[in-house]
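Chain by chain, the residues run as shown.
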Amino acid sequence: MEENKKTLYSAVQPTNNLTIGNYIGAITNFVQLQEEYNCVYAIANMHAITVRQNPAELRQRTLALLALYIACGVDPEKCILYLQSHVPCHAELAWVLNTFTYVGEMERMTQFKDKSARHADNINMGLMDYPVLMAADILLYQADYVPVGEDQRQHLEITRDIATRFNNAYSPTFTVPQGIFRKVGAKINDLQEPTKKMSKSGENPNGAIFLSDDKDTIMRKFKRAITDSDGEIRYDPVSKPGVSNLLSIYSVFSGKSIDEAVLEFQGKGYGEFKLAVGETVASKLMPIQAEQAKLLANKDYLNQVLISGAQRANAIARKTLSKVYKKIGFYQV
Ligand code: TRP
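Residues numbered from 1 in each chain as written. Predicted model: local features only at pLDDT ≥ 70, side-chain atom pairs only at ≥ 80, totals over all residues. Heavy atoms only, no water.

1. Looking at the overall build of the chain
Step number 1: Counting its regular elements, the chain contains 13 helices and 5 strands.
Step number 2: For the chain, the C-alpha atoms occupy an extent of roughly 75 × 45 × 40 Å along the three principal directions.
Step number 3: A buried classification covers 49% of the 333 residues belonging to the chain.
Step number 4: A fraction of 76% describes how many contacts in the chain between residues 6 or more apart in sequence connect residues 24 or more apart.
Step number 5: Accessible area of the chain: about 16,200 Å², with a carbon and sulfur share of 52%.
Step number 6: If the 38 positive side-chain charges of the chain are averaged to one point and the 36 negative ones to another, these points end up 3 Å apart. (Helix = DSSP H or I, 4+ residues; strand = E, 2+ residues; numbered from the N terminus. Buried < 20%, exposed > 50% of the residue type's maximum accessible area, 1.4 Å probe, protein only. Contact = heavy atoms within 4.5 Å. Areas by Shrake-Rupley, 256 points an atom, 1.4 Å probe, with all protein chains shown as cover. Lys, Arg positive; Asp, Glu negative; His and termini not counted. Charge placed at Lys NZ, Arg CZ, Asp CG, Glu CD.)

2. Description of the site of the ligand
Step number 1: Around the ligand, a shell composed of 13 residues is seen, among which Gln-13, Tyr-130, Met-134, Asp-137 and Gln-152 lie nearest.
Step number 2: With respect to the ligand, the side chain of Gln-13 contributes an N or O atom lying 3.2 Å from an oxygen atom.
Step number 3: Residue Gln-152 places a side-chain N or O atom 3.1 Å away from a nitrogen atom belonging to the ligand.
Step number 4: When the ligand is considered free in solution it has 370 Å² of accessible area, and contact with the protein chains removes 89% of it.
Step number 5: Listing elements by their share of the shell around the ligand, those giving two or more residues are β1 (7–12), α7 (125–140) and β4 (145–148).
Step number 6: Top contributing element to the shell around the ligand by residue count: α7, with 4 residues. (Near = heavy atom within 4 Å. Polar contact = N/O pair within 3.5 Å; in protein donor to acceptor, adjacent residues only side chain to side chain.)

3. Observations regarding the domain arrangement of the chain
Think of interface size as the accessible area that goes away when the parts come together; that is how it is often given.
Step number 1: Examined at the domain level, the chain breaks down into domain 1 (7–181 + 298–328) and domain 2 (205–293).
Step number 2: With centres defined by C-alpha atoms, the gap from domain 1 to domain 2 works out at 32 Å.
Step number 3: At the interface, 11 residues of domain 1 touch 14 residues of domain 2.
Step number 4: Buried area between domain 1 and domain 2, both sides added, is near 1,200 Å², and the carbon and sulfur share of it is 78%. (Domains from an automatic or database assignment. Buried area = accessible area lost by both parts, 1.4 Å probe.)

4. Here's the deal with the nonpolar core
Step number 1: In this structure, Ile-20 and Tyr-41 are the most contacted members of the largest nonpolar core, which totals 58 residues.
Step number 2: Each of domain 1 (7–181 + 298–328) and domain 2 (205–293) accounts for three or more of the residues forming this core.
Step number 3: Aside from chain neighbours lying at most four places away, what touches Ile-20 is Ile-188, Met-198, Ile-209, Leu-211, Ile-249, Phe-253, Val-281 and Leu-285.
Step number 4: Among the nonpolar cores identified, the runner-up in size contains 42 residues, and Ala-42, Phe-100, Leu-139 and Val-324 belong to it. (Core = buried A, V, L, I, M, F, W, Y, C linked by side-chain atoms within 4.5 Å.)

5. Brief notes about the pairing of strand β2 (residues 38–43)
Step number 1: In terms of residue burial, β2 counts as a mostly covered element, since 6 of its 6 residues are buried.
Step number 2: Side chains Asn-38, Val-40 and Ala-42 project from β2 onto one buried face, and the interleaved Cys-39, Tyr-41 and Ile-43 project onto a second face that is buried too.
Step number 3: Two strands pair when backbone bridges link them, and β1 and β2 are joined in this way by 6 bridges, in the parallel orientation. In the strand pairing of β2, Val-12 is matched with Ile-43.
Step number 4: Bridging between β2 and strand β3 (residues 80–83) involves 4 bridges; their strand directions are parallel. Directly across from Ala-42, in β3, lies its bridge partner Tyr-82. (Pairing = 2+ DSSP bridges.)

6. Some words on the pattern of salt bridges
Step number 1: Under the definition given, this model contains 15 salt bridges.
Step number 2: Note that Glu-193 is salt-bridged to Lys-196, the shortest N-O span being 2.8 Å.
Step number 3: What makes Glu-193 partly exposed here is its relative accessible area of 26%.
Step number 4: Connected via shared salt-bridge partners are Asp-228, Asp-230, Glu-232, Arg-234, Asp-236 and Lys-240. (Salt bridge = Lys/Arg side-chain N within 4 Å of Asp/Glu carboxyl O.)

7. Details of the state of the cysteines
Step number 1: Inspection of every chain in the model, using the stated rule, returns 0 disulfides.
Step number 2: Unpaired in terms of disulfides, Cys-72 finds its nearest cysteine sulfur in Cys-79, a separation of 13 Å.
Step number 3: Take Cys-79: it sits in no disulfide, and the sulfur closest to it among the cysteines is that of Cys-39, at 5.1 Å.
Step number 4: By relative accessible area, Cys-79 is classed as buried at 0%. (Disulfide = S-S within 2.5 Å.)

8. Details of a positive patch on the surface
Step number 1: A cluster of like positive charges, contributed by Arg-182, Lys-187, Lys-197 and Lys-200, occupies part of the molecular surface.
Step number 2: With respect to the secondary-structure elements, Lys-187 resides in the loop between β5 (178–181) and α9 (215–223).
Step number 3: You can call Lys-187 partly exposed: its relative accessible area is 46%. (Patch = residues over 30% accessible without salt bridge, like charges linked within 9 Å, V, L, I, M, F, W, Y side chains within 5 Å.)

9. Re the pairing of β5
Step number 1: Across 4 bridges, β4 lies against β5 in parallel orientation. Its bridge partner lying in β5, Val-148 is registered against Phe-181.
Step number 2: Of the crossover connections in this fold, the one passing from β4 over helix α8 (residues 153–169) to the parallel β5 is right-handed. (Right-handed = clockwise from strand over helix to strand, strands pointing away.)

Printed below as a string of structure tokens:
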């Protein structure tokens, strides 16, 4: 890691298919950030098991996510790219941090409450402890910055609280990280319910474009996207959420501004507009999918990336953990 650069940490869970919202919000961002920071990117499989997973699928999705990161341009030479379960320090630090975290705080986490409602048959301790494991992830690498979605804001706040609490109880040990939250402008909403964020768990499967969707599926979903009845293509998220969302998607995928996009489609019909948005998104995703497939066919290479990532991650994480163990009075030989 370069001395003069700040450290940036983020992770994605290898669970459900990623949507174009995740792609824009997380992965393309990760690629840009790798130039400016020492980046550490994890595949958070330990977080994933807080809801029940199919083991074969979890394994497959882990490799698929790794290949996707690389296909999108995350460079395993420039960044540390690794699998969370390959670095035992995460579980070890989480245990220590548990003793600096109050049960009441965890019970109040909105994501815990949401997930408890959705998985009422499996409200396990891991689900409740999820934010502490996330704090351990971040603090192990002394991260200065953590780019995440708005939905992770509360988890970042608690990470800062836990770090500060520990630092105050002993002496400065952890860097207190700062969140980098995505600009509102790039928010991508559901194609069927355009006032809601596009997500893998939306009600209507046609509402989300997945990174794994083939071209026909992408075109079909855009054709069916909800618009409105006034027939005019202009940006007005309040009264025209559907059209505005399509304009946003077009803007990010084409690299043009919203104003340029509006001008381009002036006087055109919704049908033509939707096709153009679909084409633009598909032409971006197709080469990524091809590259991802190529990487997935080369498992030796992917394994090598994981082994090297784990070694580099482990060296940093061990150092922090050893400091923590010393401060709390764990006898080390
Ligand atoms: N909880 C994050 C999410 O679901 C994933 C994650 C795990 C994470 N550990 C992290 C993100 C550490 C940032 C930093 O999106």
